[in-house]
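# Notes for the structure review
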Amino acid sequence: MGQRTRLVLSRMLQALPALAGVVIVSFALTRMLPGDPAVYFAGPAATEQSIAQIRVAMGLDLSLPMQFLHYARDLLMGDLGNSLSTGQPVLEELARRLPASLELTLTALLLSCAIALPLGVTAAVHQGSWIDHACRALVTAGVSLPTFFTGIALIYVFYYLLGWAPAPLGRLDFVYLSPPDVTGFYVVDALMAGDFETAGGAMRQLILPASTLALFTLAPIARMARAAMLEALSSDYIRTAKAAGLSQRKIVYFYAFQNAMLPVITTLGMVFSFTLGANVLVEKVFSWPGIGSYAVEALVVSDYAAVQGFVLAMAILFVALNLVIDIVYTLVDPRTRSTT
Amino acid sequence: MERRDFLKSTLAVSAATLPFLRSLPASAAPSGTIVVAMGQTINSLDLHRKGTNRPSYQVAVNVYDRLVSFGTKTTEDGGLYYDYSVIKPEVAESWDVTPDGKAIIFKLKPHGLFHDGSPITAHDVKWSFDRAVTLGGFPAVQMKAGSLESPDQFEVVDDLTFKVNLIRPSKLTLPDLAVPVPMIINSKVAKSKATTDDPWATEYLHTTPAGSGAYKVERWDPGQQLVYSANENWTSGPPPAVKRVIVREVPSPATRRALFERGDIQVNFDMPNKDSKELSGVEGLRIDSSAIENSIYCLNPNLAFEPFKDKRVRQAIAMAVPYEDVFQAAAYGRGIPMWGGSSATPSDIAWPQPFPYSTDLDKARALLAEAGYADGFDVPLSIALDQSDWMEPTALLIQENLNKIGIRTTIEKIPGANWRTASLVEKRLPLHLETFGGWLNYPCYYFFWAYQDGHLFNSSNYRNEEIETLTNETLHMEVDHPDYAPKIKRMIEIVWDEVPRIALFQPALNVGTRDMGGYEYWFHRQLDARKFKA
């Protein structure tokens, strides 16, 4: 068994207790939320009797340990329960909304990496130059502008005033039908189905929200790239390389850059995870049917099943993400590579 | 003409024509299609299901029919407004009250058809009504308001004759059959999908309507959109003029407004008061701000708490509220003022009508001193977090003025999920804001819910023996009964004097439309596409 396979397996095993913990904690936390969901969902004119009926239907008449046993049993059978606020099975809803959020977040990250990495690296190589100042200005602007503001500002300029961007109506304009569901990523699915027009439509819808998120995620990535690059450039091996007369190009883009990538990847992982949960405001502004707005709405009305499902899905995603980052590390880090 | 002036004028021209140009993409959409944007989400296609939210009621309106419906009247500015005083046939052709007054017999239209082409029979009506009173929750409560409580009351005489046996003669029964709840479901389809665990086919009808209405559901993407297509063979009315209606969920009001101004949507449903005010009068846009019937936004002092037991303290507060400021800040002047009435006795039975209070801090101070609270007191002022758009500015303005007469308030924000329990069920909030509005448009109906002791929306814990008696006497009485008007006037006079609910204003429903016509206001405040014209 190769080292990498062993690493993957041990990581997966390590994740099991964490997931069990997440199941218990999410159950306990939702029960600690203020408010009585049965009363809420019975509606404003409900009688005692109809509230009691809903309480039974939701299983809330049982004791807490019994409720947990039911929840755990359903979970093992792959049933995450029904969300009362949206009226849909939680699993179905997550399967539909998670790809929407992932598509948006990944596009935003690609976009911000494409800008932030060259910017950060150049800023570090030419420290104190105008490009360094430009980088600093962009980073400051990126963190200090809240996403809902950037989102509305972008809509105002590019949709309302200029008319370049399509209507901010979610993932697809109504002239298109959603592509056959394979990955849940509309652009990818449409391309796989050979439908370039729909792919183009989905891509156009993505541009504004992805730019909004990219502007926000740009800051930590660019900053980390610059800092890591500066550190690498001032290290001993670079001095040795310089002394050995290697070309500036080779020093910067081969030795320094590769070493600087490790902290950047770690940062990327962190940025990805918080963006996925924290893009609620972008989702609201662009009517994006993502997972963030789903979770927040469920939380507000104490919709237990939906909140638990969301927390669990995020936990699984984080575990998977950390796994991927560890694997990427072994690819990038020469020290782990030699032992395979 | 100077060159610069020329440039300016061409710029102005192109800017002026721009909005027109921008409506082209909308007309490029398939003809006969209307796109509606709304902020809320539709969570079920079945109104009777538990947990179905208000915005979903529009499906019951557009996709299902009822025995009867309300008429339509035209407002002064050419808008459509449902007419409470006219009840017209929908699935029923005619109806008669039996000579003994104990039943209503409905004759169904002989050629009524469901979407699948099968005939609408009295069996379907009975099954649907049984379902509405049996499944519990809000539908059962609403049916009960019309004295429709048990399946025993509903009787199939023959395929086209349906009989409702009355528990008591009540003016509320017939109008209650025209609200969205008693919709008529295709029972043959539903029964074929029913199981022993789910005898009323709630799982099936939740996602697949089986109705006879003006529209069919072509597509439902929960959390995103609902697409209606016209039912060309609608048997309960003329086939709808608009062939397709797309309802998109757009949570951000700012985005909805941008879409609306650019012409990518034709209906901006339930827009904020602020947008409604700013967009009124804009060329090409029509804004309907309809006052919501039988509804008042109120400030409620709770009589279970000491200073508020004294009528004079409540009156002092009613004189301390900065009404005009509240109306402008919270409602942007949309709706109808409910203060400054000229007389302490009502001249007619219109409801709601302005309460006889105005902002007068000196009088308020005098009343407080008379009640023994010259130095004022401390009290929390509670608002609901999920209604903070209007409650927060209102509470801040009220807080400021109450402070001037010595009543020191702290604003307490309560999360949406707790609000109902705290304010309506436990009735434990000393001073709070409240928003009750009745579907059935009678003053006695409002009094039943909001002023009778122990009833849900009486969050002030108010009890007055005369109100109890008069409400019970008038609730089912015909409006043209000679005793009705005097009794209602007396009731209004009492609650004006005792002010357990301090009326602020009557709220409005704001709907923007463009490049189309036929929007109609309904008491249920949901989208009715049946009269839309492209």
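### Comments concerning the overall build of chain A
When helices and strands are tallied, chain A shows 15 helices and zero strands. Seen along its three principal axes, the alpha-carbon backbone of chain A occupies a region of about 85 × 55 × 40 Å. The 340 residues of chain A split such that 47% are buried. Sequence-distant contacts, at least 24 apart, represent 72% of the contacts inside chain A between residues at least 6 apart. Computed over 20 positive and 21 negative side-chain charges, the inter-centroid distance for chain A is 15 Å.

### A closer look at the overall build of chain B
Across its full length, chain B carries 19 helices and 20 strands. Its C-alpha radius of gyration of 25 Å places chain B within 12% of the 24 Å reference for a compact globule of 534 residues. Expressed as lengths along the three principal axes of its C-alpha atoms, the size of chain B is roughly 85 × 75 × 45 Å. Counting across all 534 residues of chain B, residues that qualify as buried make up 58%. Roughly 20500 Å² of accessible area belongs to chain B as shown, and the carbon and sulfur atoms make up 53% of that amount. Charge centroids of chain B, computed over 56 positive and 66 negative side chains, lie 4 Å from each other.

### What about the environment of Gln315 of chain B?
Residue and element names in this part refer to chain B. On the secondary structure map, Gln315 appears in helix α12 (residues 311–320). In sequence terms Gln315 and Trp496 are 181 residues apart; their C-alpha atoms lie 9.3 Å from each other. With sequence-adjacent residues up to four places away left out, Gln315 is seen in contact with Tyr357, Leu367, Asp497 and Val499.

### Overview of the interface of chain A and chain B
Taken together, the contacts link 47 residues of chain A with 39 residues of chain B. Taken together, both faces of the contact between chain A and chain B bury some 3600 Å²; the carbon and sulfur share is 57%. For the pair chain A and chain B, the interface holds zero salt bridges. Summed over the shared surface of chain A and chain B, the result is seven residue pairs in polar contact (both at pLDDT 80 or more). Of all elements in the fold, only α2 (37–42), α3 (48–57), α5 (90–125), α7 (147–161) and α12 (280–285) of chain A reach the threshold of two or more residues within the side of chain A that touches chain B. By residue number, the principal contributor to the side of chain A that touches chain B is α3 of chain A, which donates six residues.

### A look at the sheet that holds strand β12 (residues 286–291) of chain B
All names here are of chain B. Strand order in the open sheet made by the seven strands is β8-β9-β10-β1-β11-β19-β12, with mixed pairing throughout. Each end of this open sheet is capped by a strand with a single partner; those strands are β8 (215–221) and β12. Pairing of β12 with strand β19 (residues 508–513), which is carried by six bridges, proceeds in the antiparallel orientation. Its bridge partner lying in β19, Arg286 is registered against Thr513.

### Remarks on the packing of aromatic side chains
Applying the stated criterion across every chain, the model contains 48 aromatic pairs over all chains. Here Trp351 of chain B and Phe355 of chain B contribute two aromatic rings whose centre-to-centre distance is 6.1 Å and whose plane-to-plane angle is 45 degrees, an arrangement assigned as tilted. Here Trp351 of chain B and Phe355 of chain B have matching classes, each one buried. Here the aromatic cluster, defined as three or more aromatic residues joined through ring pairs, consists of Trp351, Phe355, Phe436, Tyr445, Tyr446, Phe447, Phe448, Trp449, Tyr451, Phe457, Tyr462 and Trp496 of chain B. Taking the ring centre of Tyr442 of chain B as reference, the NZ or CZ of Lys171 of chain B above it sits at 4.9 Å. One residue, Arg262 of chain B, lies across the ring of Tyr159 of chain A, its end atom 4.9 Å from the ring centre.

### Points about the environment of Ile336 of chain B
Residues and elements named next belong to chain B. Tracing the sequence through the fold places Ile336 in strand β14 (residues 336–337). Under the relative-accessibility criterion, Ile336 is labelled partly exposed at 37%. A C-alpha to C-alpha distance of 9.3 Å links Ile336 and Ile292, two positions 44 residues apart in sequence. Those residues in contact with Ile336 that sit more than four places away from it in its chain are Ala291, Phe327, Phe505 and Gln506.

### Considering the pairing of strand β18 (residues 502–506) of chain B
Residues and elements named next belong to chain B. Along β18, five of the five residues are buried, which leaves the element largely enclosed by surrounding structure. Direction of pairing for strand β13 (residues 297–301) relative to β18: antiparallel, over a ladder of three bridges. Each bridged residue has a counterpart across the sheet, and for Tyr297 the counterpart in β18 is Phe505. Sheet analysis places β14 next to β18, joined by two bridges and oriented antiparallel.

### Re the sheet that holds β13 of chain B
All names here are of chain B. Taken in spatial order, the six strands make up an open sheet running β14-β18-β13-β17-β15-β16, and their pairing is mixed. Where the open sheet ends on each side, the last strands, each with one partner, are β14 and β16 (407–414). Relative to strand β17 (residues 431–434), strand β15 (residues 377–384) is paired through two bridges, and the arrangement is parallel. Counterpart to Ser382 in the pairing with β17 is His432. Contacts between helix α13 (residues 323–331) and the sheet are confined to β14 and β18, with β18 contributing the most and set at about 45 degrees to the helix.

About the criteria used
- Residue numbering note: each chain is counted from 1, following its sequence as written.
- Chains and ligands are labelled by the order in which they are written, letters from A for the one and numbers from 1 for the other.
- Only residues with pLDDT of at least 70 get local features here, since the model is predicted, and only at 80 or more are side-chain atom pairs given and counted; chain-wide, interface and lining totals rely on the full set of residues.
- The side-chain quantities take in all heavy atoms of the structure and omit both hydrogens and water.
- Comment: elements are numbered from the N terminus, with helices defined as DSSP H or I runs of at least four residues and strands as E runs of at least two.
- Relative accessible area decides the class of each residue, using a 1.4 Å probe on protein chains only: under 20% of the type maximum gives buried, over 50% gives exposed, and in between gives partly exposed.
- What makes two residues a contact is simply this: any of their non-hydrogen atoms within 4.5 Å.
- When charges are tallied, Lys and Arg are placed among the positive residues and Asp and Glu among the negative ones, while His and the ends of the chain are skipped.
- All charge positions are set by atom: Lys at NZ, Arg at CZ, Asp at CG, Glu at CD.
- Taken over C-alpha atoms, the radius of gyration is set against a globule rule of 2.2 Å times the number of residues to the power 0.38.
- Accessible areas in this description were obtained via Shrake-Rupley with a 1.4 Å probe; residue shielding takes into account the shown protein chains only.
- By definition, the buried area sums, over both parts, the 1.4 Å-probe accessible area that each loses when the two are put together.
- The salt bridge criterion pairs a side-chain nitrogen of Lys or Arg with a carboxyl oxygen of Asp or Glu, the two atoms within 4 Å.
- A 3.5 Å cut-off defines polar contacts: any pair of N or O atoms within that distance qualifies, except that in protein one atom must be a possible hydrogen donor and the other a possible acceptor, and neighbouring residues in sequence count only when both atoms are side-chain atoms.
- Note on pairing: two strands pair once DSSP finds at least 2 bridges between them.
- Only rings of Phe, Tyr and Trp enter the pairing, Trp through its six-membered ring, and a pair is recorded when the two centres are within 6.5 Å. The plane angle decides the type: under 30 degrees is stacked, over 60 is edge-to-face, the rest tilted.
- Criterion for a charge above a ring: Arg CZ or Lys NZ at most 6 Å from the ring centre, at most 35 degrees from the ring normal.
- A fitted line through C-alpha atoms serves as each axis, taken over the contacting stretch for helices, and the angle formed by two N-to-C directions is quoted from 0 to 180°.

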